[in-house]
Amino acid sequence: MEGNLNLTLKIWRQKNAQTAGKFETYQVSGISTDMSFLEMIDVLNNRLIQEGDDPVAFDHDCREGICGMCSMYINGRPHGPNRGVTTCQLHMRSFKDGETITVEPWRASAFPVIKDLVVNRSAFDRIIAAGGFISVNTGNAQDANNLPINKDDADDAFAAAACIGCGACVAACKNASAMLFTSAKISQLALLPQGQIEAATRAQAMVAQMDEEGFGACSNTGACEAECPKGISIENIARMNREYFSATFSSK
Amino acid sequence: MTKIDSKIPDGNLAEKWTKFKSSVSLVNPSNKRNLEIIVIGSGLAGASAAASLAELGYKVKVFCFQDSPRRAHSIAAQGGINASKNYQNDGDSVYRLFYDTIKGGDYRAREANVHRLAEVSGSIIDQCVAQGVPFAREYGGLLSNRSFGGTQVQRTFYAAGQTGQQLLLGAYSALQRQVGMGNVKLYTRHEMQDVVTIDGKARGIIARDSVSGALERHFGHAVLLCTGGYGNVFYLSTNAMGSNVTAAWKAHKKGAFFANPCYTQIHPTCIPVSGDHQSKLTLMSESLRNDGRIWVPKKENDTRKANEIPEDERDYYLERRYPAFGNLVPRDIASRAAKERCDAGFGVGTSKMAVYLDYAAAIIRYGKGEANKHNMYSPTDEEIQSMGKTVVKEKYGNLFDMYKQITGEDPYEIPMRIYPAVHYTMGGLWVDYNLMTTIPGLYALGEANFSDHGANRLGASALMQGLADGYFVIPYTIGAYLASEIRTPAMSTDSEDFASAEKAVRDRLETLMNIKGSKPVDYFHKRLGKIMWDECGMARSEEGLKTSIKEIQALQKEFWSDVKIPGDINNLNPELEKAGRVADFLELGELMCIDALDRNESCGGHFRMEYQTEDGEALRDDDKYAYVAAWEYEKQSSFKLHKEELKYENIKIAQRSYK
């Protein structure tokens, strides 16, 4: 045995979107504190395969905290107990021997469960498609340094652009609101001069799409910011609201 | 024998691309509307190509295996993107970027392609800024640059340690804009299973919907593979878990030649392996070598902690061996030097397979700089430390956080432990100047092709190449083929060709499911990875390669008789997806060893123990091996070598020296 943690896992199992799910309990032992949470699930899955059971389906890809694909709701918190990390960067040294850990998928009607811990987050792609861009076809650009940008604005735009689109903000919100995600993109582009021309239409189109997808209204509790693995600031929501209202008042 | 024609335009090197662009066939807008293009993969190459081609008016379909195009592994690139803007006034030029790339690639890349890459590099930065990519800036509002390995100018543009993320999100935004306009149809959670050829031309694909398990047929006048590299053949690598060779390998088995498969990049600065459970390795950006100093103890088997080893008992071996480039030597050289020290018994950490990357000196240097800026004439050590750490945090904060998260150690206080890991594959599908493979109508872009990095890629050049191919090369070169396809109407996928391709895919999936053996897919993948890392990794030998070819063949047989895949075909089944990918890696691994065995020289990332200089540097054999090895698939375990001679007309080929 490689490590010394013995854990009880209560994991949400659901065959597909059509069938009801339920928690199943598993014991894992000999877990190393150096393992990531997903590597611990790998250990469980390889055992389930050996035993002839269906392994737990979960989304994951880069395993270095940047792709935004992993999405586990651990002990009642998106991406688990630590601040500022995704599930793939959560290590087992954050848990105690003998602990019971509950693992669920993101819960939001706009993120339907596909299987076990895997949910469908394509609503986010549609919000971006509605306006999360600057309309510049390839080949149209001027020399990059012809447009100096205030460093503080560029840094703020970068901080908003660091969103990884994982959906933890939605999972954390009691209203399953996508305001933090949507506002991060609106803010990034609103802070930059390149984004000004389409600012009004962008805010309106993205908010309309967000509503259409079935995300709830902002709860103003700040859970999204607290649970965001990339520290996206709730100030972005205030900025989005300003953009949205000024667009609404000035719309023709 | 198929003749390989690289289709490099005539004329002076610096004029080839300009001339090509002004003379290549065009497709008029009304015809573009009727031409369908399939793009596999949504990383930098795929997203930029799909967006740009849709902007031109082509009908585009994009496929990715992840749940969103934004997940593609380009997102994880950290350090930066090169461009020969010469904003720093430090002597950069298109020619210098071209020269550095050819030299960095150890004289095994194609001159014309690399020159074109250098020519379009500046436009990439312009395009990205116009899209709203928030690159790092100076206080005057202009773009900031930093240094990278293998160069002596500052030409790397960056966004903290998340450059790949920002560039990909820019391309993804452009792609989603076209999706919203109805010009691109997106197929997420879809994995390409095979390419469909009709009368020798690529005409579509068979894809599997991962959620329903259904097989789908899709027609395209052209198919673009933008599917990244195959580093996961080593099991442990810095690639994402899902990164795979399947699309490229399926194309290879349908007739596309595979070039230089043995050229793999082992990145010098990764977090060392911590145990058997390890599922992937994490890179610490090469940009850290800008300011960090790499060292090991001078004393063998030194068990003291890093901070207890006095300055004069530390061996800064890169600065010692390569004074001109120091810690910024190219990746292949830095990796081999780390391996050499560890093998000789000077490694650090519990495994002794690691070296230190130390920021103590940089923190003091930056701290003193800040003190000067703020007119503090006698700052205390604490003040220097604190100000220095703030600067380092601004430059590399996310990387330091990541290190701490994974290892539980604070790199602001004690040196990081690093060791080389598989990172990038220079080899890939053979393509001509137009990026077309040996199958007409089938293209390969980005890391999936072989063309620009020779035997070793320089840092910050992968992002450049992916976006060059997608934004600025394929929109032009694809016209050369599609102009002759305007009379081909969209084909029905009910044809026999599509039906038989789908059946072959279905049969293979069913065969895999029906093995019902005793071991999970990971078991075979780990074993393959160990063979590849030990014998086809940083150091290779004739004997080792010959043995590993036999071992891999045996492992293939074992896999196909003993793999155990749970679940069923008509449902989300990650193990079945993995099994398909590992089956392809098992065949690719064999070809990599065959290629490494054929190349009786050392060059770049390919280091054969038998061929080294007296001081342990790679020893090339330009008379015999200045060629691209393009392998044709004949049958299981049988590949035929075709050689594309590399002609250096503009650069004098020389022994690489960074001393």
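Residues numbered from 1 in each chain as written. Chains lettered and ligands numbered in written order. Predicted model: local features only at pLDDT ≥ 70, side-chain atom pairs only at ≥ 80, totals over all residues.

1. Quick word on the overall build of chain B
A count of helical and extended segments in chain B gives 17 helices and 19 strands. For chain B, whose C-alpha radius of gyration is 24 Å, the value lies close to the compact-globule estimate of 26 Å for 659 residues. Here chain B, with 659 residues, has 59% of them falling under the buried criterion. Put simply, of all contacts in chain B between residues at least 6 apart along the chain, 73% involve residues at least 24 apart. (Helix = DSSP H or I, 4+ residues; strand = E, 2+ residues; numbered from the N terminus. Rg over C-alpha atoms; globule rule 2.2 N^0.38 Å. Buried ≥ 20, exposed ≤ 12 C-beta atoms within 10 Å, placed from the backbone. Contact = placed C-beta atoms within 7 Å.)

2. Section: the domain arrangement of chain B
Residues and elements named next belong to chain B. Entries for chain B in the domain assignment read domain 1 (268-421) and domain 2 (496-637). Look at where the C-alpha atoms of domain 1 and domain 2 centre, and you get two points 34 Å apart. It is helix α9 (residues 331-346) that contributes the most residues to the side of domain 1 that touches domain 2, five residues altogether. (Domains from an automatic or database assignment.)

3. Structural notes on the domain arrangement of chain A
All names here are of chain A. Considered domain by domain, chain A is made up of domain 1 (5-115) and domain 2 (122-250). Centre-to-centre separation of domain 1 and domain 2, based on C-alpha positions: 29 Å. Taken together, the 18 residues of domain 1 in the interface contact 16 residues of domain 2. Tallied by class, the residues present in the side of domain 1 that touches domain 2 amount to nine nonpolar, seven polar and two charged. (Nonpolar A, V, L, I, M, F, W, Y, C, P; charged D, E, K, R; others polar.)

4. Things to note about the interface of chain B and chain A
With 64 residues of chain B in contact, the opposing surface of chain A contributes 67 residues. Residue assignment for the side of chain B that touches chain A shows that the elements contributing at least two residues are α3 (44-56), α5 (111-131), α6 (163-180), α11 (381-407), α12 (462-482) and α16 (574-598) of chain B. Ranked by the residues each element gives to the side of chain B that touches chain A, the list is headed by α6 of chain B, at nine residues. Along the lines of polarity and charge, the residues of the side of chain B that touches chain A split into 25 nonpolar, 26 polar and 13 charged.

5. Some points on helix α13 (residues 496-515) of chain B
Residues and elements named next belong to chain B. Given a rise of 1.5 Å per residue, 20 residues ought to cover 28 Å, and the 28 Å separating the end C-alpha atoms of α13 matches this to within 8%. Considered for burial, the residues of α13 that qualify are Phe498, Ala501, Leu509 and Leu512. In an axial view of α13, the angular spread of the buried residues amounts to 75°, which keeps them on one side of the axis. In α13, the exposed positions that point more than 90 degrees away from the buried face belong to Glu496, Ser500, Lys503, Asp507, Glu510, Thr511 and Asn514. Contacts made by the buried residues of α13 are with β6 (190-198), β7 (201-209), β8 (215-219) and α16. A positive backbone phi angle near 45° is found at lysine 516, which sits one or two residues after α13. (Expected span 1.5 Å × (residues − 1). Arc of directions from axis to C-beta.)

6. Some points on helix α15 (residues 542-562) of chain B
Residue and element names in this part refer to chain B. Over its 21 residues, α15 runs 30 Å from end to end, which matches the ideal 30 Å to within 8%, given 1.5 Å per residue. Inspection of α15 places Gly544, Leu545, Ser548, Ile549, Ile552 and Phe559 among the buried residues, and these make up the whole buried set. Here the buried residues of α15 occupy an arc of 140° about the axis, which is enough to place them on one side. When the buried face of α15 is taken as reference, the exposed residues oriented beyond 90 degrees from it are Glu543, Lys550, Ala554, Lys557 and Ser561. Residues of α15 that are buried in the fold lie against α14 (521-535) and α16.

7. Side note on the sheet that holds strand β5 (residues 184-187) of chain B
Residues and elements named next belong to chain B. One open sheet accounts for five strands, arranged β5-β2-β1-β9-β17; its pairing is parallel. For this open sheet the edge positions go to β5 and β17 (442-444), each flanked by a neighbour on one side alone. Averaged over neighbouring strand pairs, the angle between their axes works out to 20° when direction is ignored. As paired elements, strand β2 (residues 59-63) and β5 share four bridges and run parallel to each other. Within β5, the residue paired with lysine 61 across the bridge is lysine 185. (Pairing = 2+ DSSP bridges. Axes fitted to C-alpha atoms, helices over the stretch in contact; angles between N-to-C directions.)

8. Thoughts on the sheet that holds β7 of chain B
Residues and elements named next belong to chain B. What the three strands build is an open sheet, ordered β6-β7-β8; its pairing is antiparallel. Both edges of this open sheet fall to β6 and β8, since each of them pairs with a single strand only. Averaged over all pairs of adjacent strands, the angle between their axes in this sheet comes to 25°, without regard to strand direction. As paired elements, β7 and β8 share five bridges and run antiparallel to each other. Opposite alanine 207, over in β8, you have glutamate 216 as the bridge partner.

9. Looking at the nonpolar core
Ala50, Leu224, Leu225, Val355, Leu429 and Tyr443 of chain B are the most contacted members of the largest nonpolar core, which totals 286 residues. Residues contacting alanine 50 of chain B, with those up to four places away along its chain left out, are Val39, Val60, Val62, Leu175 and Val184 of chain B. (Core = buried A, V, L, I, M, F, W, Y, C linked by C-beta atoms within 7 Å.)

10. What to know about the pairing of strand β1 (residues 5-13) of chain A
Residue and element names in this part refer to chain A. Here eight bridges tie β1 to strand β2 (residues 22-31), and the two strands are oriented antiparallel to one another. Bridge pairing in β2 places tryptophan 12 opposite phenylalanine 23. As paired strands, β1 and strand β5 (residues 100-104) are joined by four bridges and run parallel to one another. Opposite lysine 10, over in β5, you have threonine 102 as the bridge partner.

11. A short note on the packing of helix α3 (residues 151-161) of chain A against helix α5 (residues 179-190) of chain A
All names here are of chain A. Two elements in contact, α3 and α5, have axes separated by 8 Å at closest approach and are oriented at 155°. As summarised for this structure, α3 and α5 are arranged roughly antiparallel, according to the angle between their axes. Relative to α5, α3 is oriented so that their crossing is left-handed. Residue-level inspection shows Ala157, Ala160 and Ala161 of α3 in contact with α5, the latter providing Ala184, Ser187 and Gln188. By residue class, the composition of the contact of α3 with α5 is four nonpolar, two polar and no charged. (Parallel < 35°, antiparallel > 145°, perpendicular 65-115°, else oblique. Left-handed = near helix turned anticlockwise from the far one by under 90°.)

12. Focus: the pairing of strand β9 (residues 222-225) of chain B
All names here are of chain B. The alternating pattern of β9 places Ala222 and Leu224 and Val223 and Leu225 on opposite faces, both of which are buried. Two strands pair when backbone bridges link them, and strand β1 (residues 36-40) and β9 are joined in this way by four bridges, in the parallel orientation. Following the sheet pairing, isoleucine 38 is matched in β9 by valine 223. Sheet topology places β9 next to β17; three bridges connect them, and they run parallel. The residue of β17 that forms the bridge with leucine 225 is alanine 444.

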